[in-house]
Amino acid sequence: MVTIVFQLLFELIQLYTWVVLSACLFSFLLGFGILDPRQPVVWKIYNFLSRMTEPLLQPIRSILPAVANIDLSPLVLLLLIQYVLYPVLGKIYAMLMVGIA
């Protein structure tokens, strides 16, 4: 049961990573004028991606200033997920499995 929960948790984190990457790509496409935010479908997708990513990106933006008008908060978030969250969850999983056995 613990294994299934942690596999689901890892999959959800991986899905969120893809959402953050999609939001970055979408932001670039809007910024360069490739996509028109006045289109209803484009606006709905952008609104969804923003609502999914902004709660975690906003605290990072308040700490990390923009460098040459480039927002580095998605990069910091992805690095935190990759190098902090995954190892911590792996350690918790390993400790739970040893404690159960």
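The structure reproduced in this document is the subject of the present report. Per chain, the residues get numbers from 1 upward, laid out in the order the sequence is written. The predicted nature of this model means local features are confined to residues of pLDDT at least 70 and side-chain atom pairs, given and counted, to a pLDDT of 80 or more, with totals for whole chains, interfaces and linings taken over all residues. Note that water and hydrogens are dropped before the side-chain values are worked out from all heavy atoms of the structure.

## Brief notes about helix H2 (residues 40–63)
Thinking step 1. Taking 1.5 Å per residue as the helical rise, H2 with its 24 residues ought to reach 34 Å, and the 33 Å between its terminal C-alpha atoms agrees with that figure.
Thinking step 2. Its maximal kink placed at Glu-54, H2 deviates by approximately 55°, while the proline Pro-55 follows within four residues.
Thinking step 3. Here H2 has its buried residues at Val-42, Leu-49, Ser-50, Thr-53, Leu-57 and Ile-60. Secondary structure counts use DSSP, requiring at least four H or I residues in a row for a helix and at least two E residues in a row for a strand, with both numbered from the N terminus. To estimate how far a helix should extend, the number of its residues minus one is multiplied by 1.5 Å. Consider a residue and the seven residues that end there alongside the seven that start there; fitting an axis to each set, the bend is the angle between those axes. Each residue is placed in one exposure class: buried if its accessible area under a 1.4 Å probe, protein chains only, is under 20% of its type's maximum, exposed if it is over 50%, and partly exposed if it falls in between.

## Structural notes on the nonpolar core
Thinking step 1. Judged by nonpolar contacts, Phe-6, Ile-13, Tyr-16, Val-20, Leu-57, Ile-60, Leu-77, Leu-78, Ile-81, Tyr-86 and Leu-89 together constitute the single largest core of 11 residues.
Thinking step 2. Secondary-structure elements contributing two or more residues to this core are helix H1 (2–31), H2 and helix H3 (73–100).
Thinking step 3. Here this core gets 5 residues from one element, more than from any other, and that element is H3.
Thinking step 4. The contact criterion used is simple: two residues touch if any of their non-hydrogen atoms lie within 4.5 Å. Residue contacts for Leu-57: discarding those within four places in its chain leaves Ser-73, Pro-74 and Leu-77. Here, the term nonpolar core denotes a set of buried Ala, Val, Leu, Ile, Met, Phe, Trp, Tyr and Cys residues that are joined through side-chain atoms within 4.5 Å.

## Comments concerning the pattern of salt bridges
Note that side chains of opposite charge can pair when their charged atoms are close.
Thinking step 1. When a carboxyl oxygen of Asp or Glu is within 4 Å of a side-chain nitrogen of Lys or Arg, the pair counts as a salt bridge. Overall, the coordinates contain 3 salt bridges when judged by the stated rule.
Thinking step 2. Between Asp-36 and Arg-38 there is a salt bridge, with its nearest N and O atoms 3.1 Å apart.
Thinking step 3. The salt bridge involving Arg-61 is made with Asp-71; its shortest N-O contact spans 2.8 Å. With Arg-61 in helix H2 and Asp-71 in the loop between H2 and H3, this pair connects stretches of sequence that are 10 residues apart.
Thinking step 4. Classification of Arg-61 by relative accessible area gives partly exposed; the value is 27%.
Thinking step 5. Within the structure, one salt-bridge network assembled from shared partners comprises Glu-54, Arg-61 and Asp-71.

## Some details on the packing of aromatic side chains
By convention here, two paired aromatic rings are described through the distance between centres and the angle between planes.
Thinking step 1. The criterion for an aromatic pair is that two Phe, Tyr or Trp rings (for Trp, the six-membered ring) have centres within 6.5 Å, with stacked assigned to planes under 30 degrees apart, edge-to-face to planes over 60 apart and tilted to the rest. On inspection of all chains with the given rule, the structure shows 4 aromatic pairs.
Thinking step 2. With a centroid separation of 6.4 Å and 15° between ring planes, the pair formed by Phe-26 and Tyr-46 is classed as stacked. Remark: Tyr-46 occurs in helix H2 and Phe-26 occurs in helix H1; sequence separation between them is 20 residues.
Thinking step 3. Here Trp-43 and Tyr-46 contribute two aromatic rings whose centre-to-centre distance is 6.0 Å and whose plane-to-plane angle is 45°, an arrangement assigned as tilted. Here Trp-43 and its partner Tyr-46 are both found in helix H2, 3 residues apart, which amounts to about one turn of the helix.
Thinking step 4. Exposure remark for Trp-43: the relative accessible area of 44% places this residue in the partly exposed category.
Thinking step 5. Aromatic rings pair up to connect Phe-26, Trp-43 and Tyr-46 into one cluster.

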